Amino acid sequence: MKTIIEPFRIKSVEPIEMTTRHQRERYIHAAHYNLFSLESQHVLIDLLTDSGTSSMSARQWGAIMTGDESYAGSPSFFRFESAVRKLMPFKNIIPTHQGRAAEKILFSVVAGKGKYIPNNTHFDTTRANIEFTGAQAVDLVVSEGLNPASEHPFKGNMDVQRLIDFINEIGEDNIPICMLTLTNNSGGGQPVSMDNIREVKSVCEHYGIPLFIDACRFAENAYFIKIREKGFQNRDIPSIVREIFSYADGVTMSAKKDGLVNIGGWLAMNNDLWASQARTLLILTEGFPTYGGLAGRDLEAIAVGLEEIVQEDYLRYRIASTQYLGDHLFEAGVPTVRPAGGHAIYIDARAMLPHIPPMQYPGQSLAVELYLHGGIRGCEIGTVMFGRQADGTELPSRMDLVRLAIPRRVYTQSHIDYVIEAIIEVNEHKHNLQGMKITWEPPSLRHFTSHFEYCL
Ligand SMILES: *Cc1c(COP(=O)(O)O)cnc(C)c1O
C-alpha cells in the first residue's frame, strides 16, 4: 500500500494556533525577519530542528514517574546504562545533559594543541569543541557527499584513501582519535555504510588510532544499511546497530535525536584511563557519574526511547515519511539535495532563486517566504550561517540551503502533505521573492540573532 501510516495513535494532543499570512507578516517583521526570533506558537509546522523535539510515548511518560532521584547509585541510572549497553556494548557509559557536553569532556581529555581529529564531517558543536582545545577538526567525506545531485546511497562515507594519506602526512601520534558521524548531519543526513565503517576501523587499527562514533542518528543509519546495503535485508535492526558499534572504541551521543527524548546524551568508551579522566571532568560541570546533568526521570525516558527507536515499524515510517517529502518536492521540480536524508530535506535555494545573488541570502529569503506563505519554519544553512570570515569580510558559502528537519513522531502525513503543497506554491511564485540584507549582526554565530530587511 502506498499511504504511509504512522505506527502509533495519538493520546494527547497539542493544539496548533492557526494564523493568517497577514498575522505572520506582523510576527516576522517584529522578529526582524529572523526565524529564530519568532515565538514558537506563531509557527504552524516547526521544522527548525529534529533535536529535542520528539514526542515521547505513553511508555516513556510512564517510566518518567518511576524515575529515582537519588544523588548516587539511582536504579534509573542502571536501567539507562543497561539500555545503552544492549546496543552499544562499551565498558564505560557516562551520562551527560546533551551531546555537546559529551564532546566537551571527550576532547578535553584527548585533544589539545598540535592534535588533529578526522571525521566524515564534523557537526558544528563537535568542530567547535575540538578547536576550543587548540586541536584541528578535519572533514574527509567522499566526494559524492559534496555533490547535492549525486544519488549515491551512502554519501556520508569517509574517503578511506584520503584518511590514509592524511594519517601518513600528519603522523598517527598526532591523531588521538578518528571519528565517524552517523548519519552525516552536516552533509544532509546521509548514511555511512557498514562496509565503510569496517574499512575505517581497519585503517584505524593498523595505525593504533581509536575510532569514536558520533552516534546521534545511529538507528536511522542502521535502517539505511538494512535497506540499501547488500547482505543486510534479513538482519534485525538491533543486530545491525551492535555490529556498527563493535567496530568502535567509543561514542558521543545526543539523546535529543535517536534517543527519542527532549534532553540527554552520553559519552561511552572502552578505555578505562580516559573514562576515569572524563568522570572527573563530568563532576566539575555535569554532576555525579550516575546522573551526569540529568534527572533520574530523564534517564528512564532514554532507556525506553532506546527500545522504541530500533523498532522497524517506526524506522520504516520515519524514513518513508522523510523520503515522501523529498521525492514529492523533487518531482515538482523544486531543487533539493538528493537523495532524501534520514531526518531532513534540504532545498537548494541558490538553484531555486537564481535571480537572488548569494550575498543577498537566497536561503534566508526562501525561509522567510515559507513562513509567510505556509507558517512553516525551516532553517537557512548558507551564507547567513557560514558567510562571515574570521577577518569580518563576507564570502558566499559553498551552498545556500534551507533545511526542513522533521521532528520524530510529531507531525502526521497530512502535515507533510501541507508542507509539500505550500512549498510547491512558493516555487510557483518564486520570481517575486526578493534578496535580503543584514541590518544588525552580533560578533559571532550571527544566524541566531541577526536582523534582516528586504533589499529594495
Ligand atoms: C545535535 C548533534 C550534536 C550535539 O548534540 P546536542 O545534544 O545538540 O548538544 C553532535 N553531533 C551531531 C551529529 C548532532 O546532530
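None of the values given here were measured: they were computed from a predicted structure.

Draft legend 1. Structural detail: the packing of aromatic side chains. One pass over the structure, following the stated rule, counts 14 aromatic pairs. With a centroid separation of 5.6 Å and an interplanar angle of 85 degrees, the aromatic rings of F8 and Y317 are classed as edge-to-face. Highlighted residues: F8 in the segment before α1 (21-30) and Y317 in helix α12 (residues 312-331), separated in sequence by 309 residues. Taking relative accessible area as the criterion, F8 reaches 26% and is therefore assigned partly exposed. When the centroid spacing of 5.2 Å and the interplanar angle of 75 degrees are considered together, the rings of F77 and F78 count as edge-to-face. F77 sits in the buried class, given a relative accessible area of 5%. On the basis of relative accessibility, which here comes to 45%, the residue F78 falls in the partly exposed class. In this structure, K257 is placed above the aromatic ring of F123, and the distance from its NZ or CZ to the ring centre is 5.4 Å.

Draft legend 2. The domain arrangement of the protein, seen in detail. Each assigned domain of the protein is listed with its residue range as follows: domain 1 (21-50 + 311-454) and domain 2 (58-308). Computed over C-alpha atoms, the centres of domain 1 and domain 2 are 27 Å apart. Taken together, the 23 residues of domain 1 in the interface contact 27 residues of domain 2. Buried surface at the junction of domain 1 and domain 2, both sides included, amounts to about 2,200 Å², of which 50% is carbon and sulfur.

Draft legend 3. Highlighting the sheet that holds strand β8 (residues 265-269). Taken in spatial order, the five strands line up as β2-β8-β7-β6-β5 in an open sheet, and their pairing is mixed. If you trace the sheet from one side to the other, it starts and ends with β2 (92-96) and β5 (178-181), each paired once. Geometrically, the sheet is characterised by an average inter-axis angle of 15 degrees between neighbouring strands, direction not taken into account.

Draft legend 4. Looking closely at the pattern of salt bridges. Under the definition given, this model contains 28 salt bridges. Two residues, R79 and E300, come together in a salt bridge whose shortest N-O distance is 2.6 Å. Residue R79 is located in helix α3 (residues 75-87), and its partner E300 is located in helix α11 (residues 296-309); the two are separated by 221 residues in the primary sequence. The exposure class assigned to R79 is partly exposed, which follows from its relative accessible area of 39%. One connected set of salt bridges, linked through shared partners, spans D50, R217, E220, D258, R318 and R408.

Draft legend 5. Layout of unusual backbone geometry. Residue T183 follows L182 across a cis peptide bond; omega there is -20 degrees. Of note, T183 is situated in the loop between β5 and α7 (194-207). Non-glycine residue L445 carries a positive phi angle of around 45 degrees. Along the chain, L445 turns up in the loop between β13 (436-440) and β14 (451-454). Since its relative accessible area comes to 56%, L445 is described here as exposed.

Draft legend 6. Structural detail: the side chain of D400. Relative to the assigned elements, D400 resides in the loop between α15 (383-386) and β12 (401-405). On the basis of relative accessible area, D400 is assigned to the buried category, the value being 0%. At 2.8 Å, the side chain of D400 forms a polar contact with the side chain of R350. A polar side-chain atom of D400 sits 2.9 Å from the main-chain amide nitrogen of T383.

Cut-offs used in this document
- Residues numbered from 1 in each chain as written.
- Predicted model: local features only at pLDDT ≥ 70, side-chain atom pairs only at ≥ 80, totals over all residues.
- Heavy atoms only, no water.
- Phe/Tyr/Trp six-rings, centres within 6.5 Å; stacked < 30°, edge-to-face > 60°.
- Helix = DSSP H or I, 4+ residues; strand = E, 2+ residues; numbered from the N terminus.
- Buried < 20%, exposed > 50% of the residue type's maximum accessible area, 1.4 Å probe, protein only.
- Lys NZ or Arg CZ within 6 Å of the ring centre and 35° of its normal.
- Domains from an automatic or database assignment.
- Contact = heavy atoms within 4.5 Å.
- Buried area = accessible area lost by both parts, 1.4 Å probe.
- Pairing = 2+ DSSP bridges.
- Axes fitted to C-alpha atoms, helices over the stretch in contact; angles between N-to-C directions.
- Salt bridge = Lys/Arg side-chain N within 4 Å of Asp/Glu carboxyl O.
- Polar contact = N/O pair within 3.5 Å; in protein donor to acceptor, adjacent residues only side chain to side chain.

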